[in-house]
Amino acid sequence: MGEQHRERDIAFHAATAADYDATITRDYGIYHRGWVHPILDRLAREFPGGAVLDVGCGTGVLTLALAERGFEVVAVDHSPEMLAIARRKAAEAGLSPRIRFEEGDVTRLRFADDSFAGATAQGVLHHLADPAASLDEIKRVVRPGGFVFVSEPCLEQTPPSKATEAALRIARPVKRRVRPSKRDAVPETVEKPLSGPDLLADMKRLGLAHEAEYAVHIPHLYRVLPDTVRLPLIKALSRPWRYKRGDLVFVSARTHAD
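Position labels on residues start from 1 in each chain and follow its written sequence. Side-chain atom pairs in this predicted model are given and counted only at pLDDT of 80 or more, local residue features only at pLDDT of at least 70, and totals for whole chains, interfaces and linings cover all residues. In computing side-chain properties, one takes all heavy atoms of the structure into account and sets aside hydrogens as well as water.

Draft legend 1. Representation of the overall build of the protein within the structure. Secondary structure assignment for the protein yields seven helices and seven strands. For the protein, the succession of helices and strands along the chain, N to C, is α-β-α-β-α-β-β-α-β-α-α-β-α-β. Our radius of gyration looks at C-alpha atoms and nothing else; its globule reference is 2.2 Å times the residue count to the power 0.38. The C-alpha atoms of the protein give a radius of gyration of 18 Å, which matches the 18 Å a tight globule of 258 residues would have. A buried classification covers 47% of the 258 residues belonging to the protein. For the area figures, the Shrake-Rupley method with a 1.4 Å probe applies, and any residue is considered shielded solely by the protein chains shown. Surface accessibility of the protein: about 13400 Å² in total, with carbon and sulfur atoms responsible for 55%. Helix numbers and strand numbers start at the N terminus; a helix is a DSSP run of H or I with at least 4 residues, a strand a run of E with at least 2. Only protein chains enter the area calculation, which uses a 1.4 Å probe; residues under 20% of their type maximum are buried, those over 50% are exposed, and those in between are partly exposed.

Draft legend 2. Up close: the nonpolar core. Grouped together as the largest cluster of nonpolar side chains are 32 residues, with contacts concentrated most on Tyr31, Phe71, Ile99, Phe101 and Phe250. Within the residue set of this core, elements represented by two or more residues are helix H1 (2-46), helix H2 (61-68), strand E2 (72-77), helix H3 (80-92), strand E3 (99-103), strand E5 (142-153) and strand E7 (248-254). In terms of residue count, the dominant contributor to this core is H1 (eight residues). Pairs of residues are marked as contacts when any of their non-hydrogen atoms sit within 4.5 Å. Beyond its immediate sequence surroundings of up to four residues, Tyr31 is in contact with Val36, Ala215, Val216, His217, Ile218, Ile234, Leu248 and Phe250. Formed by 30 residues, the second largest nonpolar core is a distinct cluster that contains Leu128, Val141, Leu200 and Tyr214. The criterion is simple. A nonpolar core is a set of buried Ala, Val, Leu, Ile, Met, Phe, Trp, Tyr and Cys residues joined through side-chain atoms within 4.5 Å.

Draft legend 3. Local environment of the pattern of salt bridges. We define a salt bridge as a contact between a side-chain nitrogen of Lys or Arg and a carboxyl oxygen of Asp or Glu at a distance within 4 Å. Per the counting criterion, the structure on display carries 16 salt bridges. Across the pair Arg242 and Glu213 runs a salt bridge, and its minimum N-O distance is 3.3 Å. Within this pair, whereas Arg242 is found in the loop between helix H7 (227-238) and E7, its partner Glu213 is found in strand E6 (residues 209-215), the two being separated by 29 residues in sequence. Overall, Arg242 belongs to the partly exposed group, its relative accessible area being 28%. Given the relative accessible area of 22%, Glu213 is considered partly exposed.

Draft legend 4. Quick look at the packing of H1 against H7. For the pair H1 and H7, the least separation of the axes is 10 Å and the interaxial angle reads 70°. The orientation of H1 with respect to H7, classified from their angle, is roughly perpendicular. Of the two possible hands of crossing, H1 and H7 adopt the one that is right-handed. Residue-level contacts link Arg26, Asp27, Ile30, Tyr31, Arg33, Gly34 and Trp35 of H1 to Asp227, Arg230, Leu231, Ile234, Lys235 and Ser238 of H7. Each residue is assigned to one of three groups, with Ala, Val, Leu, Ile, Met, Phe, Trp, Tyr, Cys and Pro labelled nonpolar, Asp, Glu, Lys and Arg labelled charged, and all others, Gly among them, labelled polar. Grouping the amino acids of the contact of H1 with H7 by side-chain chemistry returns five nonpolar, two polar and six charged. Interaxial angles span 0 to 180 degrees and are taken between N-to-C directions of axes, which are lines fitted to C-alpha atoms, for helices over the stretch in contact. Here the word oblique covers every angle except those under 35 degrees (roughly parallel), over 145 (roughly antiparallel) and from 65 to 115 (roughly perpendicular). Crossings are classed by handedness, with left-handed meaning an anticlockwise turn of the near helix from the far one by less than a right angle and right-handed meaning a clockwise turn.

Draft legend 5. Seen up close, the pairing of E7. Where burial is concerned, most of E7 is hidden: six out of the seven residues are buried. Pairing geometry for E5 and E7, over seven bridges, is antiparallel. Within E7, the position partnered with Ser151 by the bridge is Phe250. Two elements, E6 and E7, share seven bridges in a ladder whose sense is antiparallel. Each bridged residue has a counterpart across the sheet, and for Glu213 the counterpart in E7 is Phe250. Strand pairing is assigned whenever DSSP detects at least two bridges linking the two strands.

Draft legend 6. Here's a closer look at helix H6 (residues 196-205). Within H6 the residues assigned to the buried category are Gly196, Leu199, Leu200, Asp202 and Met203. For H6, the angular spread of buried residues about the axis comes to 155°, placing them on one side. Away from the buried face of H6 by more than 90 degrees, exposed residues Asp198 and Lys204 are located. Positive backbone phi, approximately 75°, marks Gly207, located one or two places after H6. Note that the arc is computed from the directions linking the helix axis to the C-beta atoms.

Rendered as structure tokens:
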């Protein structure tokens with residue numbers, strides 16, 4: 001089952017890699033600036049120049065952000081199409097000397113215990129058949145006193161996103177479904193949002209001291225609002241729920257220092 005799950009995910013990303021940055025990265029980019037980058041800035045001060053493993057690096061969004069902050073990055077993904085885009089972006093940004101990209105299985109990391117100062121996994125665990133076991137692997141390769149950063153979409157929707165979803169269902173006109181040709185059909189994704197409390201419970205089980213912050217996500221809001229408006233709006237909408245529940249969760253954790 002695990003191997004079949006993995007092959008389906010590889011097929012999905014092979015079909016969607018070319019448009020990934022124009023769609024998914026564009027939709028979620030506001031969270032990099034508002035939530036992720038401040039965390040990375042803090043980690044860069046604590047672990048200057050450290051070796052970091054970026055698990056499930058995709059098109060390299062987080063990989064490049066880590067390298068820009070002085071980290072030496074090993075970036076692993078099982079999609080050759082996504083890795084090709086990430087390598088191109090790293091070269092264009094002049095960051096290739098700080099990054100080593102590898103095609104590999106993020107559920108069975110080839111690295112020895114305690115190999116890295118830290119590890120990151122942004123939007124990858126919810127693609128995996130056994131997210132908890134993969135989190136075990138991520139923690140295994142981080143040295144004592146190192147860091148783990150995870151961000152994921154959550155099952156527990158916030159009232160703002162629920163209300164928006166309901167309004168869109170009412171407002172969206174009914175369209176005749178057109179069956180795509182077999183050639184043009186995109187494979188079905190295997191991704192499933194995670195339970196925020198379950199993810200934090202796994203962090204606790206692994207002995208990871210962690211801080212978590214939740215955020216509201218309203219899909220495709222960038223199509224109607226500029227980012228200068230969207231970021232403060234999302235921050236304001238997220239404030240009542242930031243430590244309780246959310247559509248997205250950002251977790252910064254530390255391994256136990258020996």
